Amino acid sequence: MPFLGQDWRSPGQSWVKTADGWTRFLDEKSGGFVSDISSFCKKDDHNKENLFNSINYDVAAKKRKKDLLNNKAKTQYFHQEKWIYVHKGSTKERHGYCTLGEAFNRLDFSSAILDSRRFNYVVRLLELIAKSQLTSLSGIAQKNYMNILEKVVQKVLEDQQNIRLIRELLQTLYTSLCTLVQRVGKSVLVGNINMWVHRMESILHWQQQLNNIQITRPAFKGTTLTDLPLCLQLNIMQRLSDGRDLVSLGQVAPDLQVLSEDRLLWKKLCQYHFTDRQIRKRLILSDKGQLDWKKMYFKLIRCYPRKEQYGDTLQLCRHCHILSWKGTDHPCTANNPETCSTSLSPQEFINLFRF
């Protein structure tokens, strides 16, 4: 007597339930076991079963295709359109809300980092997302974020430019992930905790690669910065918007060191980034009784955000509420679409998706 619940029927054989219990049947023609169970059930039931199996097959095939696309970690989630409609609420024409993750997937940041005019904009946006918006990204958007970050690191490793900028970005992201994974808990991040640990290890590896960069002096022996007249050297220094770049430039040669300490240079830098009211609150006098603009600059950047300037930015059309990069065509119904566009800073871009 078989145990209760045990399947005592041999696999691969045909059985049918009768009044006397389960009975094994033989095929009259071949003398073997019957393999077509449709001969022992109603035709309608058999057709329904085939339909159900067909639906399951289609669903499974679609799932496999979706998994295949999602598993391509090196490929960004791609849309043909390079713009997105930003809507703050549901309407009769369109339901749901536009999210930061959806916009991040649609605006082709992978191509933007290859454009020198957009590079700093994208890096700043990645930094702001790393500070406070990681948990608002969908799973595919988080994957795209890491893919774009990897491309940024590889670009910096190849051309050896913007090294400090990317170091700061990686440090900001790693600090945020440590907080989310260790202090807050794994439930706030989409995906398996082991996947995020692996991503944190990748960040540490990228940081090590950046630290190991050895910048070689170019073989070109033509005119250099120090060969130019002092007035031109000072004029070039005035084009730098980051005081840390001035300090680094002053370490190249003794003559540049003298120019990098110019009081007027640091004064213009303070006035460019900060308002008069902010400057008056952080006055610092030197030993000679003069304003120490260099010390004031580094004190001001710890208290107030610096002025941001980008070669190219994302733009929002005030007429049709479409977000896109400058020069990207979108279906605008305005007579002069160019007059309806407003440039957005990285922070203003993120603010669009705070409801």
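Quantities reported herein were computed from a predicted structural model and do not represent experimental measurements. All chains use their own residue numbering, which begins from 1 and follows the written sequence. The predicted origin of the model limits local features to residues at a pLDDT of at least 70 and limits the giving and counting of side-chain atom pairs to 80 or more, whereas totals for whole chains, interfaces and linings rest on all residues. Hydrogens are left out, water is left out, and the side-chain values use all remaining heavy atoms of the structure.

Caption draft 1: Structural detail: the overall build of the protein chain. Numbering of helices and strands runs from the N terminus, with a helix taken as a DSSP run of H or I at least four residues long and a strand as a DSSP run of E at least two residues long. Counting its secondary structure elements, the protein chain contains 14 helices and 6 strands. The rule is simple: take the accessible area with a 1.4 Å probe, protein chains only, and divide by the maximum for that residue type; under 20% is buried, over 50% is exposed, in between is partly exposed. Going through the 355 residues of the protein chain one by one, you find that 33% of them count as buried. Computed with the Shrake-Rupley method and a 1.4 Å probe, the accessible areas treat only the protein chains shown as cover for residues. Counting only carbon and sulfur atoms, one obtains 52% of the accessible surface of the protein chain, whose full area is about 23,400 Å².

Caption draft 2: Structural detail: the layout of surface pockets. Its boundaries defined by the atoms lining it, the largest pocket holds a volume of some 1,200 Å³. Taken together, 36 residues make up the lining of the largest pocket; nearest its centre are Ser 241, Asp 242, His 273, Arg 306 and Lys 307. Going through the elements one at a time, helix H4 (116-132), helix H6 (163-184), helix H9 (243-250), helix H11 (263-273) and helix H13 (293-303) are the ones with two or more residues in the lining of the largest pocket. A total of 7 residues in the lining of the largest pocket trace back to one element, the largest contributor, which is H4. Lys, Arg, Asp and Glu make up the charged group, whereas Ala, Val, Leu, Ile, Met, Phe, Trp, Tyr, Cys and Pro make up the nonpolar group; the residues left over, Gly among them, are polar. Partitioned by chemical class, the residues of the lining of the largest pocket number 14 nonpolar, 8 polar and 14 charged. Taken together, domain 1 (91-212) and domain 2 (242-303) each give at least three residues to the lining of the largest pocket, which thus spans both. Throughout, the protein atoms alone are placed on a 1 Å grid, and a set of points is a cavity if a 1.4 Å probe fits but cannot get out or a pocket if it is open with protein on both sides within 12 Å along at least five of seven lines; lining residues have an atom within 4 Å of a point. Grid points are joined across faces, edges and corners, and a volume is the space filled by probe spheres set on the points. A domain assignment, automatic or from a database, supplies the domain bounds used here.

Caption draft 3: Expanded view of the sheet that holds strand S5 (residues 322-325). If you walk across this open sheet you meet the 4 strands as S3-S5-S4-S6, and the pairing is antiparallel. Of all strands in the sheet, those bounded by a partner on one side alone are strand S3 (83-85) and strand S6 (341-344). Between one strand axis and the next, the sheet turns by 25° as a mean value, whatever way the strands run. Pairing between two strands requires that DSSP report at least two bridges joining them. When strand S4 (residues 314-317) meets S5, the two strands line up antiparallel, connected through 3 bridges. Residue pairing for S5: Gln 315 is matched across the bridge by Ser 324. In this analysis, axes come from line fits to C-alpha atoms, helices being fitted only over the stretch in contact, and the angle between any two N-to-C directions falls in the range 0 to 180 degrees.

Caption draft 4: Just the nonpolar core, in detail. The biggest cluster of nonpolar side chains holds 55 residues, and the ones touching the most others in it are Phe 109, Tyr 145, Leu 323 and Phe 349. Taken domain by domain, this core gets at least three of its residues from each of domain 1 (91-212) and domain 3 (314-328 + 336-352). Core analysis: the next-biggest nonpolar cluster, separate from the first, contains 18 residues, Leu 269, Phe 274, Tyr 297 and Tyr 304 among them. To define a nonpolar core, start from buried Ala, Val, Leu, Ile, Met, Phe, Trp, Tyr and Cys residues and group those joined through side-chain atoms within 4.5 Å.

Caption draft 5: Molecular detail of unusual backbone geometry. One non-glycine residue, Asp 108, lies in positive phi territory at about 55°. In this fold, Asp 108 is placed in the loop between helix H2 (100-106) and helix H3 (109-112). In this structure, Gln 160 is a non-glycine residue whose phi angle is positive, near 55°. Within the fold, Gln 160 resides in the loop between helix H5 (139-159) and H6.

Caption draft 6: Representation of the packing of aromatic side chains in the model. Centre distance within 6.5 Å is the pairing criterion for rings of Phe, Tyr and Trp, where only the six-membered ring of Trp is used; planes under 30 degrees apart are then read as stacked, over 60 as edge-to-face, and the remainder as tilted. Applying the stated rule across the entire model yields 11 aromatic pairs. Summarising the aromatic geometry, the rings of Phe 109 and Phe 349 are spaced 6.5 Å apart at their centres and angled 75° between planes, so their arrangement reads as edge-to-face. Taken together, the residues Phe 109 in helix H3 and Phe 349 in helix H14 (residues 346-351) connect sequence positions 240 residues apart. One aromatic cluster in this structure is built from Phe 104, Phe 109, Tyr 121, Tyr 145, Tyr 310, Trp 325, Phe 349 and Phe 353. Only Lys NZ and Arg CZ are tested; either one counts as a charge over a ring when it is within 6 Å of the ring centre and within 35 degrees of the ring normal. Between Lys 155 and the ring centre of Phe 119, over which it is positioned, the NZ or CZ distance is 4.7 Å.

Caption draft 7: How the structure looks around the packing of H4 against H5. Contact pair H4 / H5: the axes reach a minimum separation of 12 Å and the direction vectors enclose 135°. Regarding the angle of H4 to H5, the classification is oblique. For the element pair H4 and H5, the recorded crossing hand is left-handed. Judged by residue contacts, Phe 119, Val 123, Leu 126, Ile 129 and Ala 130 of H4 engage Tyr 145, Ile 148, Val 152, Lys 155 and Val 156 from H5. Classifying every residue of the contact of H4 with H5 gives 9 nonpolar, no polar and 1 charged. Orientation labels follow simple angle bins: below 35 degrees gives roughly parallel, above 145 gives roughly antiparallel, 65 to 115 gives roughly perpendicular, and whatever is left gives oblique. Handedness of each helix crossing follows the sense of rotation of the near helix against the far helix: counterclockwise by less than a right angle gives left-handed, clockwise gives right-handed. It only takes one pair of heavy atoms within 4.5 Å for two residues to be counted as in contact.

Caption draft 8: Geometry of H13. Trp 293, Met 296, Tyr 297 and Leu 300 are the residues of H13 that are buried. Angular distribution of buried residues about the axis of H13 spans 105°; they occupy a single face of the element. Those residues of H13 that are exposed and aimed more than 90 degrees away from the buried face are Lys 295 and Arg 302. Buried-residue contacts for H13 involve H9, H11 and helix H12 (276-281). Within this analysis, the arc is defined by the directions that extend from the helix axis to the C-beta atoms.

Caption draft 9: Summary view of the environment of Leu 173. When you line up the elements, Leu 173 lands in helix H6. The sequence separation of Leu 173 and Leu 128 amounts to 45 residues, and the corresponding C-alpha distance is 9.4 Å. Discounting chain neighbours no more than four positions away, the residues touching Leu 173 are Ala 130, Leu 134, Tyr 145, Met 146, Leu 149 and Ile 203.

Caption draft 10: Inspection of the environment of Pro 331 at higher detail. Topologically, Pro 331 is positioned in the loop between S5 and S6. Put simply, Pro 331 and Cys 320 are 11 residues apart on the chain and 8.4 Å apart in space, counted from C-alpha to C-alpha. If sequence neighbours within four positions are ignored, Pro 331 has contacts with Trp 83 and Ile 322.

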